[in-house]
Amino acid sequence: MTPPAPLTFAGLAIALALLSALISLASARRPALLRILGMPLLAAAGGVALLGGGAALLGDGAATAELPLGLPWLPWHLRLDALAGLFLVVIGGVTTAVGVYGIGYVRGLEHGRDPLPVLGGFTGLFLAGMLLVVLADDAFVFVIAWETMSLASYFLVAFQHEQPANRRAAFLYLLMAHLSGLAILLGFGVLAAFAGSFEFAALRAAALEGPWASLAFALALLGFGLKAGLVPLHAWLPEAHPAAPSHISALMSAVMLKVAVYGFIRFVFDLLGPPQWQWGVVVLALGSVSALMGILYALMQTDLKRLLAYSSIENLGVIFLALGLALLFLATDHTLPAALALVAALYHTLNHALFKGLLFLGAGAILHGTHERDLEQMGGLLRRMPWTGWFFLVGCLSIAAMPPFNGFVSEWLTFQVALQAWQLESGVLRSLIAIVAAVLALTAALVAACFVKAFGVAFLGQARSRHVRRARPAPLSMRVGQGLLALGCLALGVLPSGVIALLAPIPTELLGQGVAQATALGWLWLTPVSPTTASYSAPLVLLVLAVLVVLVFWSRQWGAVGRLRRCDPWDCGFAPPSARMQYGATAFAQPLRRVFALLFRVEETVETLEDGRRRYRLAIADRTWGLLYQPVARAVEAAARRVTRLQSGNVRVYLGWTLATLLVLLWLIS
Amino acid sequence: MTPLTWAMAVAQALLYAAAAPLLIGWVRKVKARLQNRRGPALVQPYRDLYKLFAKEVRVAHTASPLYRLAPYLIFAAIWLAAASVPLVALGLPTTTIADMIVLVGLLGLARVFLALAGMDVGTAFGGMGASREMLVAALAEPALLMVIFTLAMTAHSTSLSGVIDYQLAADFVPRPSFVFALGGLILLSLAETGRIPVDNPTTHLELTMVHEAMVLEYSGRHLALLEWAAQVKLLLYGALIANLFLPWGIAEGLAPAALVLGLAAILVKLAVLGVALAVAETVLAKMRLFRVPAFLNLALLLGLLGLLSHVILEVGA
């Protein structure tokens, strides 16, 4: 039997990713091999995955296959349905751009001491793991692929391991990945115990209910939430993602977090039985807290890549917020808002992949051109690196949910779903949704502030250091990689009806409820609930904006003076302003830091140096470290110290323990 | 959606641009009278714009192309936002392009570009203005959405036309939620349009500026466009307050008599609002920057109270 076409594409993508990994292994001798073959193959794998995913979204029905691998009684089951198709599109789309971008980016690493085979090999394996997670149709393959993805990405985080901070980040990442893997394994264990099989079809048929379902849900939320970086389990993310090379950071933030979202949706919406409204409340609360805390911490960062990593926490929070709405509406039998909420979450997933990929690639281009990650040293890059600058601006506008870019559409949809809260019977839930919507609005406004800061400080104004003043523009391949994603951001923002028509099979498949009315008025209009309730026409917004800008620009010919003269900026009559007088990243965020002071652990000190000069220090730390991680770490250490008492160094004591253990085990099984 | 309605929509958009300086002239006139001055003529804002358009543009050496693009984009975004707010007549097609949430988005787009333009030249004042503007926006936006949610949940629609239709269809019922929402929206309008007590549009001291600090470097036609955009924004908020909460008089069809009545109604409403604004600006002093969050939290609180009182008291009632 030959597997149907979309699945062939997906298999081919995995094969290409593995091939890229294999070829890259040879790049120790010939560093150029990674650039000439490894990265293009990665891009090709992405492209093929994109095609496969697109075919699965357009086609009807799911494609399945069995591979004679794995355990003797459990061959590998693969399945490609619409949900998996969408995530193939997400993985494939970003990987294509990252592959193209990588051609230029890894060139900068060729003359360093970093081992290229490790980079290329694990990148291919990482991609193959992610693709396989999405295709898995039994818990066994799922967990194997999940662990492949986690382990491969661990080596990528630890790639530049000469720096102690990176080693620490990698270890933390490994620890969290294992906790997450354990929780997922246990979650599947609960399901499989009732279904009697590891196959997803059997798990689905079992439709677990009651307290065991809640337990499985809690385990899944813990496992996938850890991987998705939900607050308060997020502390590893801003350490690990920036530590990897920038194109890998893009893959991790833009794609791997989405695989966690995929796992959560597959587990909770597909495999688990009917949801309970309490689950929705929990997810909603976690999502809103992550969104708000993520962006507040992002605002305080001065390292561009850390800022982006914190902003990923915020975006994953928004996705889980929409998923929480979907669960809540589903549990109260309002399937239409539930389907819309699911579409909003998926739309935001797609959007975040595009713009976060774009922004990380932009940060990589800056790193490549200036060797600088610190915003306080940047400035004026728009004139030195115009392509990167304008693409980065597209990313900033998209993430800040500005019409007509893509981030706005998903946010608008989420608000529209929240506005359906009047359908709920419970006044408490209605008020809860209203408050969550306020949090989402606050988050959106803070995102705008955060990315005005990021773009304004990095690309506008004057350069704050010498190496930034001499920045080199990014090579062509890196510009193309960014351009592809920027184009994606614009396309998804301007043609939301088309995207929603593509996403429509997913809610039909998972919830049995379509969203046909959303695109009922044709491609020009988006009407999620009904035309009189709300409508948005992104193409017309773009068109009118463009026409108005051109008209107004053209009308300047009518003015008496068309000339434009260059001069010095306003200096209040003193010396011309120097680059150090500009507002920096810390200064920009200072008012917001003061307003939200309670949420940060801020340490400000002013010390007087020996020569009489003063030095000002500012450290802003994540409160969760002190509140959650350090107590856990201390408890583990205390427990470990107790256990060390066993280690007396006396062999007779050890033999005694062994005997005791054996006796207890024998007693247990007897 | 016939060509006639589209033509009316374009006419209304033009009316927004044309009438905006008049409102600001009116506010200044009333304010001057309250301060025992005679004040400039009503048409002085038009003369100012004309003067600025005719002047040469001076651009700092350090400015990037974004700086020169920003005034056009800001004006276009605010104008498009204004076009989606019913001024004289209901049921125009522009209100279906953008609902209330898109309106907030378009104003946000203009604000982001204004803040970026402020940071572009690389002086301390521009960055200061941008930072403060984003602070005010970050705190104002949730409050604004709470107000919108109160209206939208009541009317089951986020379309501005839909909300006004609902208001007109329901006879005058005093709703506690709307009273709270109106209070919140008034406070927000002051913050969003940069009026006293949040910002002072006539300040000459760089250190206290917010909006003015961002446009400090602009001159000539660029400055004219930014000033004009700010005036359109003021008119937009005036029309929002007037037509969302007191829609009576607005033209529901396109009959000439109804349109004339609608025009007269909105003129009266805006004149009253202008007087209120002038009085408020005369009796209030500008707040310190770090008092502004408390002011905006009050707006948020009013918005939340409105929403909660709707959700708890009014649904199903």
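The structure under discussion appears in the preceding block.
Conventions adopted
- Residues numbered from 1 in each chain as written.
- Chains lettered and ligands numbered in written order.
- Predicted model: local features only at pLDDT ≥ 70, side-chain atom pairs only at ≥ 80, totals over all residues.
- Heavy atoms only, no water.
- Helix = DSSP H or I, 4+ residues; strand = E, 2+ residues; numbered from the N terminus.
- Rg over C-alpha atoms; globule rule 2.2 N^0.38 Å.
- Buried < 20%, exposed > 50% of the residue type's maximum accessible area, 1.4 Å probe, protein only.
- Contact = heavy atoms within 4.5 Å.
- Areas by Shrake-Rupley, 256 points an atom, 1.4 Å probe, with all protein chains shown as cover.
- Lys, Arg positive; Asp, Glu negative; His and termini not counted.
- Charge placed at Lys NZ, Arg CZ, Asp CG, Glu CD.
- Patch = residues over 30% accessible without salt bridge, like charges linked within 9 Å, V, L, I, M, F, W, Y side chains within 5 Å.
- Salt bridge = Lys/Arg side-chain N within 4 Å of Asp/Glu carboxyl O.
- Phe/Tyr/Trp six-rings, centres within 6.5 Å; stacked < 30°, edge-to-face > 60°.
- 1 Å grid on protein atoms, 1.4 Å probe; cavity = no way out; pocket = protein on both sides within 12 Å on 5 of 7 lines; lining within 4 Å.
- Points joined across faces, edges and corners; volume = space filled by probe spheres on them.

Enquirer: Can you explain the overall build of chain B? Please cite residues and give values.
Expert: Across its full length, chain B carries 12 helices and one strand. Computed over its C-alpha atoms, the radius of gyration of chain B comes to 19 Å, within 12% of the 20 Å expected for a compact globule of 317 residues. For the C-alpha atoms alone, the extent of chain B along its principal axes is close to 60 × 45 × 45 Å. Classification of the 317 residues of chain B by burial places 63% in the buried group. In chain B, once contacts between residues fewer than 6 apart in sequence are set aside, the share between residues at least 24 apart is 82%. For chain B, the accessible area works out to roughly 11100 Å², and carbon and sulfur atoms hold 70% of it. Computed over 21 positive and 17 negative side-chain charges, the inter-centroid distance for chain B is 10 Å.

Enquirer: Residue-level account of a nonpolar patch on the surface, with values.
Expert: All names here are of chain B. A surface patch of nonpolar side chains, amounting to about 760 Å² of accessible area, comprises Leu22, Trp26, Leu34, Leu42, Val43, Tyr46, Val275, Val279, Val283 and Leu284. Looking at the nonpolar patch, the elements with two or more residues in it are helix 1 (3-34) and helix 11 (256-283). Along the polypeptide, Trp26 turns up in helix 1. Assessed through its relative accessible area of 30%, Trp26 is described here as partly exposed.

Enquirer: Can you explain the packing of aromatic side chains? Please cite residues and give values.
Expert: Residues and elements named next belong to chain A. In total, this model carries 32 aromatic pairs over all chains according to the counting rule given. Measuring from centroid to centroid gives 6.5 Å for Phe392 and Phe455, while their planes differ by 20 degrees, and the two rings are stacked. A residue pair is termed long-range when its members are at least 10 positions apart, and Phe392 in helix 15 (residues 386-399) and Phe455 in helix 17 (residues 427-459) qualify at 63 residues. Judged on exposure class, the residue Phe392 and its partner Phe455 are both buried.

Enquirer: Could you give an account of empty space enclosed by the protein, naming the residues involved and the relevant values?
Expert: Overall, the coordinates contain 11 cavities of 30 Å³ or more when judged by the stated rule. What the largest cavity holds in volume is close to 170 Å³. Taken together, 20 residues form the lining of the largest cavity, with Ala401(A), Glu411(A), Val104(B), Gly105(B) and Glu141(B) sitting closest to its centre. Those elements that place two or more of their residues in the lining of the largest cavity are helix 16 (406-418) and helix 17 of chain A together with helix 5 (100-120) and helix 6 (124-155) of chain B. The element contributing the most residues to the lining of the largest cavity is helix 5 of chain B, with six residues.

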